[in-house]
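Summary of the model geometry
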Amino acid sequence: MTATAIRHDWTVAEVRALLEMPFNDLVFKAQSVHREHFDPNEVQVSTLLSIKTGACPEDCKYCPQSGHYNTGLEKEKLLEIEKVVAEAHAAKEKGASRFCMGAAWRSPSKKDMPYVLDMVKRVKSLGLETCMTLGMLNEDQAGELADAGLDYYNHNLDTSEKYYNHIITTRTYQDRLDTLDNVRKAGMKVCCGGIMGMGEDLADRAGLLVQLANLPQHPESVPVNMLVKVEGTPLDQVDDLDPFDFVRTIAVARIMMPASHVRLSAGRENMNDQMQALCFLAGANSIFYGEKLLTTANPEADHDRQLFKRLGIRPEQREQSHTEEEHVEALADAVEYEQTRHMFYDATRESA
Ligand code: SAM
Ligand code: DTB
Ligand code: SF4
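All of these numbers come straight from a predicted model, not from anything done at the bench. Counting starts from 1 at the beginning of each chain's written sequence and moves along it residue by residue. The lettering of chains begins at A and the numbering of ligands begins at 1, in the order of writing. Only residues with pLDDT of at least 70 get local features here, since the model is predicted, and only at 80 or more are side-chain atom pairs given and counted; chain-wide, interface and lining totals rely on the full set of residues. With hydrogens and water stripped out, all remaining heavy atoms of the structure feed into the side-chain values.

Thoughts on the pairing of strand 3 (residues 129–133)
Of all the 5 residues making up strand 3, 5 are buried; the element is thus mostly covered by neighbouring parts of the structure. Because side chains alternate across strand 3, one face comprises the buried residues Glu129, Cys131 and Thr133, and the other comprises Thr130 and Met132, equally buried. Following DSSP output, two strands are said to pair if at least two bridges run between them. Think of it this way: any DSSP run of H or I at least four residues long counts as a helix, any run of E at least two long counts as a strand, and we number them from the N terminus. Across 5 bridges, strand 2 (residues 98–103) lies against strand 3 in parallel orientation. From the neighbouring strand, Arg98 faces strand 3, where its bridge partner is Glu129. Looking down the strands as they point away from the viewer, one classifies a crossover as right-handed if the path from the first strand across the helix to the second runs clockwise. Taken together, strand 2, helix 4 (residues 113–124) and strand 3 constitute a β-α-β crossover, and its handedness is right-handed. Judged from the 2 bridges that link them, strand 3 and strand 4 (residues 152–154) form a sheet pairing that is parallel. In the strand pairing of strand 4, Cys131 is matched with Tyr152. Tracing the backbone out of strand 3, into helix 5 (residues 139–148) and back to the parallel element strand 4 gives a crossover that is right-handed. Under the scheme applied here, a residue whose accessible area is under 20% of the maximum for its type counts as buried, over 50% as exposed, and between as partly exposed, the area being computed with a 1.4 Å probe on protein chains only.

This is the structure in structure tokens:
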């Protein structure tokens, strides 16, 4: 069987047609593509931490952290490094392979950068992959983060270019594309996706997917968030998206970006286990793990462990690295994993 080509020339019409395929045909196609690049029973596990919460100057209509809306959120200053390291350590102990740190900033300030760079170094030294989402980055900031060893930078396009102005007015779509470009040029991996269920239509979902897949290089990680409706935000009363349309979006993301991790991201707290299983079947192979996203709830870690066990899913381990120093570190990780793997069901062992 020839592998599905990695394409960057998708059209909105073609993607709309994929989104409108009979559901069973679409999910079958997505699962077939998924198996060309990934073990279908492995899911990558990341843990999120808000390192600076609330009072954000931006006006993203979905966001509980925007200072423009009253959501009753307690704002917090930039967390102390030791607290961040302790949270990262705990996440690793629970089985996460990547630690994602998010800040409610338009972009990082000059005075905050040294702390943030230190956080990257300290978290990385625990043997975790690192990811940050701090808002817009210029070339210099992206370079500094890359030099500190940051593996991934998360910056979402959120929706189609056409629908974007309905959601955010304080920065442009082009600003977001420029940040993504700076992250790429600095040599970091890109984590970029969007939010479904914000009142957008099928053409907007197609438009977002086309933007993502037609980037010069596909994002390595594509978070597909279901809107978490938070009281006080302008979108708290928006109509629910048909859950099957969410699954369809995951399936089409998988087909268009065959080698990327597609993350079943925010919104799992409002999904039942069957819905999440459908998302995995449609090609999602990454989740946020741990009781909290940034400010809102995520399923209990124990519930996710049980779900993995019931579905025969294993958490994906970090790729082996090749320098000697990294190799030693990877081995230490593996030993630690052996010691903690009882926390996860290992389907390969059972069937061996
Ligand atoms: N402030 C930075 C920025 O916006 O670039 C980083 C943090 S921001 C909270 C990261 C992403 O979280 C947003 O781009 C958005 O996609 C997602 N997000 C925020 N609030 C959400 C909500 N209520 N439901 C789903 N996703 C949400
Ligand atoms: C992403 O795409 N989703 C995450 C992460 N990137 C930073 C954030 C979800 C936030 C959900 C609302 C909250 O908890 O504040
Ligand atoms: Fe601020 Fe990010 Fe929330 Fe927008 S999504 S309001 S930039 S924290």
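Re the site of ligand 1
Neighbouring ligand 1 are 17 residues, the closest being Tyr62, Ala103, Asn156, Asp158 and Val228. At 3.1 Å from a nitrogen atom of ligand 1 is found a main-chain nitrogen or oxygen belonging to Ala103. Polar contact is defined as a pair of N or O atoms within 3.5 Å, subject to the rule that within protein one atom must be able to donate a hydrogen and the other to accept it, and that residues adjacent in sequence are counted only when both atoms are side-chain atoms. In the model, an oxygen atom of ligand 1 is placed 2.7 Å from a nitrogen or oxygen of the Asp158 side chain. Each accessible area value is a Shrake-Rupley result obtained with a 1.4 Å probe; residue values ignore everything except the protein chains displayed when judging cover. In isolation ligand 1 exposes 560 Å². Once the protein is present, 91% of that is buried. Following the grouping adopted for this structure description, the nonpolar residues are Ala, Val, Leu, Ile, Met, Phe, Trp, Tyr, Cys and Pro, the charged ones are Asp, Glu, Lys and Arg, and the polar ones are all others, Gly among them. Classifying every residue of the shell around ligand 1 by side-chain character gives 10 nonpolar, 5 polar and 2 charged. What makes a residue near a molecule or strand is one non-hydrogen atom of that residue sitting within 4 Å of it.

Regarding unusual backbone geometry
Positive phi values are uncommon outside glycine, yet Ala55 reaches one of about 55°. Given the relative accessible area of 46%, Ala55 is considered partly exposed. In this structure, Asp158 takes a positive phi of about 75° despite not being glycine. Within the fold, Asp158 resides in the loop between strand 4 and helix 6 (161–167).

Structural notes on the nonpolar core
Here, nonpolar core means buried Ala, Val, Leu, Ile, Met, Phe, Trp, Tyr and Cys residues that are tied together by side-chain atoms lying within 4.5 Å of each other. If you look at the biggest cluster of nonpolar residues, it comprises 96 residues, and the most contacted ones within it are Tyr62, Met132, Leu145 and Phe246. With 8 residues, the single largest contributor to this core is helix 9 (residues 243–256). The criterion used for residue contact is that any of the two residues' heavy atoms lie within 4.5 Å. In contact with Tyr62, not counting residues within four places along its chain, are Asp158, Ile167, Ile168, Arg176, Ile195, Met198, Leu227, Val228, Thr233 and Leu235. Counting 7 residues, the second-largest nonpolar core is a separate cluster that includes Cys100, Cys131, Tyr152 and Phe288.

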